[in-house]
Amino acid sequence: MRRYDYEGYFNGHLNGAELGGFTFELIMTKLNMMEHHFIEKHLETDEKIAILSSRIDSMIKSIEHLAWIAQQTAETVNQLGLNGKHIGQNLSVIQRDLTNVLAEQKLLVTGHQLREYLHLKGCNSTSMDLSESRSRLYASCNKVPIPVSGVYHIRPEKPFKEPITVFCDQEYDNGGWVVIQHRFDGSMNFYRNWQEYKNGFGNLDGEFWLGLDRIYQLTVSGPHELVILLEDFDGNKTYAKYDRFEIGDEASKYVIKHIEGYSGTAGDSMDGLKGFKWTTMDSDNDSYSENCATLYSGAWWYGACHKSNLNGLYLRGETKEYATGMVWYTFRGHHYALKSTKMMIKPK
């Protein structure tokens, strides 16, 4: 081989080696860069994982704390529930006592007022006082000379052998009304049996039912009119009035003999009740296949079953229960329990 051939051969191989070394360095540089980038990403991932783990730990602690709070709250609510029963019972007693006190306060007449009234009537102020007036016997509430609502003793001419004690409303429509039913705060249970509705129950200065025997004796003694005063929990007041009302005796199941001459703003929810008998939880006298008093938690002149249920449950306004409350259908429908009701009768 010639000299120049050897030189060309070695120069060619040397240039190829140099080129290969440059390529190798370039590849290594890129690998180093990729490794550095990978390490950076790995570090960022580790940092994110650490932050995420820390947040998860915080969430776990928060959930554990909330669980503890929920447990404490449940125990507190349970304790409040137990105490609430006692508190509710005490509040009911206090409410009843306050109602009685307010009723008594409302009925008080000062000596000055009494003297003025008697003076206007031409009476000697020393000839009569309120206690004497209330202890005297009257034929009915419309014969009481003092225009003050309260408890009085009355004895119509027939069929009474003994006087009865009643609450006279002397304020509504010129007074003279015997209150036969009054409900206004739910303090008295009205889901009762036949004997209790026959004899009456409650407090005449609070919530009460006068008694079917007395209502019969009063309405049979002479023609009576009936008025029913109603109020809902929105403050709306209304009334239903009947020109003639009379019921039969116990042997007739206190059947409604007269219920006619409706007037008023409440609508006639006693329409068609003539001939209906009284039904209680233990004496089914309605026309339905089941006991309406049991179905609707009351006592009334039910048919099959009712548009009025004034002795139903005291449920306080809108309710999902159908017709079990203190209902007057033509006023607020079957799904509304009224705030107050007062049934009163007066001789015509």
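Before any of the text, the structure's been laid out above.
Keep in mind it's a predicted model, so treat the numbers as computed, not measured.

Q: How should the pattern of salt bridges be read in this particular structure?
A: When charged atoms on two side chains of opposite charge get close, those side chains can pair. According to the stated counting rule, one finds nine salt bridges in the structure shown. A salt bridge links Arg-192 to Glu-196, with the shortest nitrogen-to-oxygen separation between them at 2.8 Å. Residue class for Arg-192 comes out buried when judged on its relative accessible area of 16%. Classification of Glu-196 as partly exposed rests on a relative accessible area of 28%. Salt-bridge contacts for Arg-244 lead to Glu-246; the nearest nitrogen and oxygen are separated by 3.1 Å.

Q: Even after reading the chapter, I still don't get the environment of Trp-177, so can you show me in this structure?
A: Among the structural elements, Trp-177 can be located in strand β4 (residues 177-183). Put simply, Trp-177 and Pro-347 are 170 residues apart on the chain and 8.2 Å apart in space, counted from C-alpha to C-alpha.

Q: Hey, could you run me through the pairing of β4 in this one?
A: Each regular strand shows side chains that alternate between the opposite faces of the sheet. Among the seven residues that make up β4, seven are buried, leaving the element largely enclosed by the rest of the structure. As judged from the two bridges shared by strand β3 (residues 164-169) and β4, these two strands associate in the antiparallel manner. Directly across from Asp-169, in β4, lies its bridge partner Trp-177. Here β4 pairs with strand β14 (residues 340-347) via five bridges, running antiparallel. Looking across to β14, one finds that Arg-183 is bridged to Thr-341. With two bridges joining them, β4 and strand β6 (residues 208-209) adopt antiparallel strand pairing. Each bridged residue has a counterpart across the sheet, and for His-182 the counterpart in β6 is Phe-208.

Q: Would you mind showing me how to read the packing of aromatic side chains here?
A: Within a pair of aromatic rings, the relevant descriptors are the distance that separates the centres and the angle that separates the planes. Applying the stated rule across the entire model yields 15 aromatic pairs. Ring geometry for Tyr-242 versus Tyr-262: centroids 5.7 Å apart, planes at 55 degrees, classification tilted. Here Tyr-262 lies in strand β9 (residues 256-264) and Tyr-242 lies in strand β8 (residues 237-247), a separation of 20 residues in the sequence. Exposure remark for Tyr-262: the relative accessible area of 30% places this residue in the partly exposed category. Cluster of aromatic residues (ring-pair linked, three or more members): Phe-190, Tyr-197, Phe-201, Trp-209, Phe-245, Trp-278, Trp-300 and Trp-301. Sitting above the plane of the Phe-190 ring, Arg-183 keeps its charged end 4.2 Å from the centroid. One residue, Arg-192, lies across the ring of Phe-201, its end atom 4.3 Å from the ring centre.

Q: Even after reading the chapter, I still don't get the nonpolar core, so can you show me in this structure?
A: Here is a general trend for soluble globular proteins: nonpolar side chains tend to be buried in one another's company. Counting residues in hydrophobic clusters, the biggest one holds 61 residues, and the most contacted among them are Leu-226, Met-270, Trp-278, Trp-301 and Trp-328. Residues within four places of Leu-226 in sequence aside, it is in contact with Trp-177, Ile-180, Ala-240, Lys-241, Tyr-242, Phe-245, Ile-259, Met-270, Met-343, Met-344 and Ile-345.

Q: What is the right way to read unusual backbone geometry from this model?
A: Outside of glycine, negative phi angles account for most residues, and trans bonds account for most peptide bonds. A cis amide bond links Ala-304 with the next residue in sequence, Cys-305, at an omega value of 5 degrees. Within the secondary structure, Cys-305 is located in the loop between α6 (292-295) and β10 (308-309). Phi is positive for Asn-174, which is not a glycine, with a value near 70 degrees. Mapped onto the secondary structure, Asn-174 falls in the loop between β3 and β4. Judged by relative accessible area, which is 76%, Asn-174 ranks as exposed. One non-glycine residue with positive phi stands out, namely Arg-316, at about 65 degrees. Tracing the backbone through its elements, the reader meets Arg-316 in the loop between β10 and β11 (317-318).

The rules we used
- Residues numbered from 1 in each chain as written.
- Predicted model: local features only at pLDDT ≥ 70, side-chain atom pairs only at ≥ 80, totals over all residues.
- Heavy atoms only, no water.
- Salt bridge = Lys/Arg side-chain N within 4 Å of Asp/Glu carboxyl O.
- Buried < 20%, exposed > 50% of the residue type's maximum accessible area, 1.4 Å probe, protein only.
- Helix = DSSP H or I, 4+ residues; strand = E, 2+ residues; numbered from the N terminus.
- Pairing = 2+ DSSP bridges.
- Phe/Tyr/Trp six-rings, centres within 6.5 Å; stacked < 30°, edge-to-face > 60°.
- Lys NZ or Arg CZ within 6 Å of the ring centre and 35° of its normal.
- Core = buried A, V, L, I, M, F, W, Y, C linked by side-chain atoms within 4.5 Å.
- Contact = heavy atoms within 4.5 Å.

Interpretation in functional terms is not warranted from these geometric data alone.
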